[in-house]
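Residue strings, one per chain:
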Amino acid sequence: MKKQALTTQQERKMKFAEAGILITLVLALAIFVGIRISSDDQEQQVAATEVTNQEAAGVEVAQGTISEDAQLTDGTAEEATLVVEPEPEIPAVVEPDPEPVTYASAEQMFRTGDYRQAADMFSTYTGDHQASAWGHYMLGLSEWKAGDLDAAEAAFMDALELKPDHLKSLVNYSRVLIEMERNEEAAAQIELALAANPDSQDARRVMARIQHNLGELDQAATSYRQVLSVHQDDVWALNNLGLILISQEKFAEALPPLAKASLLREDIGCIQNNLGIALERSGHYTAAAEAYARALDANHEKAEVSLVRVEGLTEPAGAEPVDLAGLAAMFNAPIQEADLEVASALDATIPADETPEKDGSRNR
């Protein structure tokens, strides 16, 4: 009995021992499982962090920054390649073809007074119509009016190469040459113009201007009288003839053509100023002051000094007031036989015309 009790007691101890071992195993298993779960959570967190970093890196790369994985093992950044998103395709805007430049549209621009734009248009026109002498002529005229004398000369030369006897190109090319102070070359163009058309009053007027510039005053006066014998109201021929007579100190002779010119164009300051000079030098101080005042009204500033001067002068006692209308009416530009002979001999020579002069005393 006693032995059996011991055996039972031993069995209890053994059960307790087995239970302890089992508990130990369970605890060990629980600890292992806990550690495993914690490790998985950390791995998931690391993985999530890497995914987030990769997405952020992807955004940065798309924006043209450098990716983080472009690192060397020694910690220095290797040469990185920028990854740039391609630009979105934008459909091209198709501009409508500009309307072609026509002679009429370019000429209309010239008539509005926009000479620079007219020159550009005629340049385009002549590029498309290189055989058009009139196109090159209008290009030259536009460039001249726009102030580009070199371009004007080139255009007139192109027109004359196409049509050597083109009268308007010859005459206006000579005017350009006068402004370039190349009077002898201008004379050669006028000779060709008069050979093409001996009755051209434009050519003869330009010839008178060149004669005047070259100091050939008698020939210039004759040329102007020839123009006036055909066109009695040619204002610039009247003015320039009067100016020549003033330069020759023939003040009384200068009065009729200048009086007529001043009545025809009271708005041109240089004409009124020239009349004032002729009146002053003829002793008609009151009428001279009136002419200088009209010149000032027409913005001819040089007349101001002359006006002050004559206002301090007193006319001789008993002097008759001058009759400008009567002087203008009596002027008929007489041409003597000797003058006609000289003019005939000069048909192949030189000019003077309606372009502003630099000395301010005349304007054409």
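Everything numeric in this text was worked out from a predicted model, so none of it was measured.

Parameters at a glance
Residues numbered from 1 in each chain as written. Predicted model: local features only at pLDDT ≥ 70, side-chain atom pairs only at ≥ 80, totals over all residues. Heavy atoms only, no water. Helix = DSSP H or I, 4+ residues; strand = E, 2+ residues; numbered from the N terminus. Buried < 20%, exposed > 50% of the residue type's maximum accessible area, 1.4 Å probe, protein only. Contact = heavy atoms within 4.5 Å. Areas by Shrake-Rupley, 256 points an atom, 1.4 Å probe, with all protein chains shown as cover. Salt bridge = Lys/Arg side-chain N within 4 Å of Asp/Glu carboxyl O. Polar contact = N/O pair within 3.5 Å; in protein donor to acceptor, adjacent residues only side chain to side chain. Expected span 1.5 Å × (residues − 1). Bend = angle between axes of the 7 residues up to and from the residue. Phe/Tyr/Trp six-rings, centres within 6.5 Å; stacked < 30°, edge-to-face > 60°. Lys NZ or Arg CZ within 6 Å of the ring centre and 35° of its normal.

Student: Which residues make up the overall build of the chain, and what values go with them?
Tutor: A tally of helices and strands in the chain yields 16 helices and 0 strands. Within the chain, buried positions represent 37% of all 364 residues. Here the contacts in the chain between residues at least 6 apart in sequence split such that 55% fall between residues at least 24 apart. Of the accessible surface of the chain, which amounts to about 21800 Å², a share of 54% is contributed by carbon and sulfur atoms.

Student: Tell me about the pattern of salt bridges, residues and numbers included.
Tutor: Within this structure, the stated rule accounts for 11 salt bridges. Put simply, D120 and R116 hold a salt bridge, and the shortest N to O gap is 3.6 Å. Of the two residues, D120 and R116 both sit in helix α3 (residues 115–128), 4 residues apart, roughly one turn of that helix. The partner of R205 in a salt bridge is D234, with the nearest N and O atoms 2.4 Å apart. Here R205 is found in helix α8 (residues 201–213), whereas its partner D234 is found in the loop between α9 (217–230) and α10 (235–247), with 29 residues between them in sequence. For R205, a relative accessible area of 5% corresponds to the buried category. A relative accessible area of 11% places D234 in the buried class. One connected set of salt bridges, linked through shared partners, spans R116, D120 and E143.

Student: Explain unusual backbone geometry to me, using residue names and the numbers behind them.
Tutor: One non-glycine residue, E181, lies in the positive phi region at around 60°. Looking at where E181 falls in the secondary structure, it is placed in the loop between α6 (167–179) and α7 (183–196). Relative accessible area serves as the criterion here: at 58%, E181 is assigned to the exposed category. Located in the positive-phi region is E249, a residue other than glycine, with phi close to 60°. Position of E249 among the secondary structure elements: in the loop between α10 and α11 (251–264).

Student: Any details on the side chain of E153? Residues and values, ideally.
Tutor: The topology assignment puts E153 in helix α5 (residues 149–162). There is a polar contact of 2.9 Å between the side chain of E153 and the side chain of R182. Every residue in contact with E153, bar those within four places of it in the chain, is listed here: Y173, L177, M180 and R182.

Student: Kindly report on α11, identifying the contributing residues and their values.
Tutor: Between the first and last C-alpha of α11 there are 20 Å, a value that for 14 residues agrees with the 20 Å anticipated at 1.5 Å per step. Its maximal kink placed at P257, α11 deviates by approximately 30°. Of all 14 residues that make up α11, 10 are buried, and the element is covered over most of its length. All buried positions along α11 are accounted for by F251, A254, L255, P256, P257, L258, A259, K260, A261 and S262. Looking at the buried residues of α11, the elements they touch are α10, α12 (269–281) and α15 (324–330).

Student: Help me get a handle on α9, residues and values and all.
Tutor: Helix length check: α9, at 14 residues, gives a terminal C-alpha distance of 20 Å against a target of 20 Å (1.5 Å per residue), a fit within 8%. For α9, every residue scored as buried is listed here: A220, A221, T222, S223, Y224, R225, Q226, V227 and L228.

Student: Account for the packing of aromatic side chains, with residues named and values stated.
Tutor: How two aromatic rings sit relative to each other is set out by the distance from centre to centre and by the angle between their planes. Across all of its chains, the model carries 6 aromatic pairs by this definition. Pairing Y103 with Y125 gives two aromatic rings, centres 5.9 Å apart and planes at 70°, and the pair type is edge-to-face. Residue Y103 is located in helix α2 (residues 103–111), and its partner Y125 is located in helix α3; the two are separated by 22 residues in the primary sequence. Connected via pairs of aromatic rings, a cluster forms that spans W134, Y137, F156 and Y173. Between K145 and the ring centre of W144, over which it is positioned, the NZ or CZ distance is 5.0 Å.

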